[in-house]
Number of protein chains: 2
Amino acid sequence: MATTGISSGKLRGLMKLADASGKFKMMAIDQRGSMVTKLAEVLDIDKTNVKYSDVASLKTLITRILAPNSTAVLTDPIYGHPYSITEIPRDVALLLAYEESGYVSEGVSENERLSNPIENWTIEKAQRAGADAIKLLAYYHPDASETTLQHQQAFVRHVGDECEKHDLPFLLELVSYALEGTTKNVGFAKQKPDLVIRSVEEFTDPSYKVDILKLEFPADLKYTAEYQDRAFYAGESAYDLSEVKQVCQRLDEASTLPWVILSAGVDIEEFIENVQLATAAGASGFLCGRAIWKDAVDFYPDTGAVTQFLENEATTNFHNANAAAENALPWFEHRHFGGAENIHLAKQSENWHQDYQ
Amino acid sequence: MATTGISSGKLRGLMKLADASGKFKMMAIDQRGSMVTKLAEVLDIDKTNVKYSDVASLKTLITRILAPNSTAVLTDPIYGHPYSITEIPRDVALLLAYEESGYVSEGVSENERLSNPIENWTIEKAQRAGADAIKLLAYYHPDASETTLQHQQAFVRHVGDECEKHDLPFLLELVSYALEGTTKNVGFAKQKPDLVIRSVEEFTDPSYKVDILKLEFPADLKYTAEYQDRAFYAGESAYDLSEVKQVCQRLDEASTLPWVILSAGVDIEEFIENVQLATAAGASGFLCGRAIWKDAVDFYPDTGAVTQFLENEATTNFHNANAAAENALPWFEHRHFGGAENIHLAKQSENWHQDYQ
């Protein structure tokens, strides 16, 4: 419990990322690889022919219409920030992504994933550009080779050190993957709880200096018995709902830091269930992109139709996600902080301005 | 006109300091010397016996109750920030003062004023601590000695350079003073228009890299003929109201940058008139402390009575000031920026993240 207080920049950043009651209702529009892939599909062209201006203007439009619903917007410094900065309202915090989109394949059968920074981009630049916090996505499989584990751990540790140095909140996103085959099957669904929880156990170590974890839902509702009458059910069961709830509880016990849930592009109905289950177990909100706005991309380049979708269905999706997140645990009520009464500046004294380095 | 765009940190900072329509309704609680003096008077003790904790807790209380009315709070890193940081709402921007309170006397009869930085405090620290912008108060009399002028100019230029380096908005406050006698007489009132305007002419030079000017009202309504039936009228006239309006116009013509009006501790009735006249001439709002909350200090250490005053009279004062500022010119409509359609990131391109240094 952080009764020693929170450093100034991290404290102010945490306050800005959440709503006034401490709940995170954050929007992600930092997708790069997945958005290029989707645009190529929609425009029926090769990925290499998707133009920068298409990606940038689509991000601008999504940000303009949806950002006012959020407490913070996560965007990227390549396609997002340069054209969207004026679309993020003054009272919505700015999160900037640090990692290069995607991953480099590694391992004997190239089945492991290495994350890397965006070239010519630094956390110092992000701070000067006005970022209120830094987000890093690290792919992680706890059974990957030692080489891969060490690379990913060192990368996360580097960002933790830089965020400490610049006194910015560090939001770490962990994404699991399959060492064999794909993630879209009952076998992977069964592995997922352990993959998510073991990854959390690794990166909650204080040496990584993470402030907030952005996590996958630790089970797959597509393979959960009680959801077989839902549109997203995949036809097999890996567990039942009571087991999924236990997994969420185990995750919350493992997470010695506040955590939020990500959408990984699932449909909005499934995401709302994820938010409800996660917040019931102790999550502090969400950081969600595609579940809210992905279907808007189908209408591109008809920006009128994109706009209409964003103003209607996507806005309703956001409102529904926000409503589900009302049940979230305020970040300062997480046991890491121990309640609002424990929230104060580190080294609070009349010499703070001298002691602060 | 800044059609070349605005750098990322300054753009985001400017957006945060103002309301969504670009009008500044900012609150100052960075007073140090004047607050110690006032507390000594109220507590009937020597200034040297005023405790740090009295100043800090009074600032915390004022910030807690009044900050929600503002678009930005200006506080100081010594008494203010360490204890008030958690009282500034997430959607209210944070301005930190850079200068040491008061001044060092200079010149043959010690009638000139030199400003200095707070010891062991830097703009780099302010940025890491979460400041959205930097405020510097520089005393200035254009007829001071060359030594004094050069010292003040160099100090302002240093802060301008540092703010550029850290990409933070630079808000420069200029305060005039009398080279002979005091400022509370009709003679000084007559000089004031020229003092304010000539100071603005100096510091709007691009070499100072100022973003917003925080200015005294360029005349003294206590010595304005039409105000003789008002409580604040001092019994003599330096000018009439039409002349004061012309002075405000001249000031606006001189200010090639957006400007806001300060209160210098006048009573609220006079300040509201100042805001109305200044915004009618082109000011972009106010940054006001004492005119809003100063009478609360009279009740210290009865914090119940202080609270009651702040929640009632002071809150009403703030609402009245905000209402008067509705007539302000949005910062982006100032001729320096040339309208909302010209507001975009500097070096906006797909290589921005690489080019941004």
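Scroll up to find the structure this text is about.
Residues numbered from 1 in each chain as written. Chains lettered and ligands numbered in written order. Predicted model: local features only at pLDDT ≥ 70, side-chain atom pairs only at ≥ 80, totals over all residues. Heavy atoms only, no water.

**Describing the sheet that holds strand 1 (residues 24-28) of chain A**
By definition, the strands of a sheet pair up through backbone hydrogen bonds, in either a parallel or an antiparallel sense. Residues and elements named next belong to chain A. Judged by pairing direction, the barrel is parallel, and its 8 strands sit side by side in the order 1-2-3-6-7-8-9-10 before closing back on the first. Each strand of the sheet is rotated relative to its neighbour by a mean of 25 degrees, with strand direction disregarded. Across 3 bridges, the pairing between strand 3 (residues 93-97) and strand 6 (residues 133-139) is parallel. Of the residues in strand 6, the one forming a bridge with L95 is A133. Packed onto the sheet, helix 7 (residues 186-203) meets strand 7 (170-175) and strand 8 (212-215) and runs at close to 150 degrees relative to strand 7. (Pairing = 2+ DSSP bridges. Helix = DSSP H or I, 4+ residues; strand = E, 2+ residues; numbered from the N terminus. Axes fitted to C-alpha atoms, helices over the stretch in contact; angles between N-to-C directions. Contact = heavy atoms within 4.5 Å.)

**With respect to the relation of the copies chain B and chain A**
Once chain B is rotated about the relating axis by 180 degrees and shifted along it by 0.0 Å, it coincides with chain A to within an RMSD of 0.0 Å. Given the turn and translation reported, the copies of this chain are related as if by a two-fold rotation axis. For chain B, the residue whose C-alpha comes nearest the rotation axis is B:D91, separated from it by 2.3 Å. Here 100% of the interface residues in chain B have copies in chain A that are interface residues too; the copies meet face to matching face. (Least-squares fit on C-alpha atoms with pLDDT ≥ 70 in both.)

**Re the side chain of A:R113**
Residue and element names in this part refer to chain A. Turning to its location among the elements, R113 is positioned in strand 5 (residues 112-114). Look at R113: it is buried, it has no salt bridge, and the nearest opposite charge is E216 at 8.3 Å. Of the polar contacts made by the side chain of R113, one reaches the side chain of Y103; its length is 3.4 Å. If near-sequence neighbours (up to four positions away) are discounted, R113 is found in contact with Y103, V104, Y139, T148, Q152 and Y177. (Buried < 20%, exposed > 50% of the residue type's maximum accessible area, 1.4 Å probe, protein only. Lys, Arg positive; Asp, Glu negative; His and termini not counted. Salt bridge = Lys/Arg side-chain N within 4 Å of Asp/Glu carboxyl O. Polar contact = N/O pair within 3.5 Å; in protein donor to acceptor, adjacent residues only side chain to side chain.)

**Considerations on the packing of aromatic side chains**
All names here are of chain A. Applying the stated criterion across every chain yields a total of 28 aromatic pairs over all chains. With a centroid separation of 6.1 Å and an interplanar angle of 65 degrees, the aromatic rings of Y52 and Y83 are classed as edge-to-face. Of this pair, Y52 sits in helix 3 (residues 52-66) while Y83 sits in helix 4 (residues 81-84), and the two are 31 residues apart along the sequence. Each ring, one from W352 and one from Y356, has its centre 5.0 Å from the other, and the planes form 25 degrees; the classification is stacked. Residue W352 shares its accessibility class with Y356, and that shared class is buried. These aromatic residues form a ring-pair network of at least three members: Y52, Y79 and Y83. (Phe/Tyr/Trp six-rings, centres within 6.5 Å; stacked < 30°, edge-to-face > 60°.)

**Some points on the environment of A:S237**
Residues and elements named next belong to chain A. With respect to the helices and strands, the residue S237 is situated in the loop between strand 8 and helix 8 (241-254). Note: C-alpha distance between S237 and V175 (62 residues apart in sequence) is 22 Å. Those residues in contact with S237 that lie beyond four places of it in its chain are V186, Y223, T224 and A225. For S237, the side chain forms a polar contact with the main-chain nitrogen of A225, separated by 3.4 Å.

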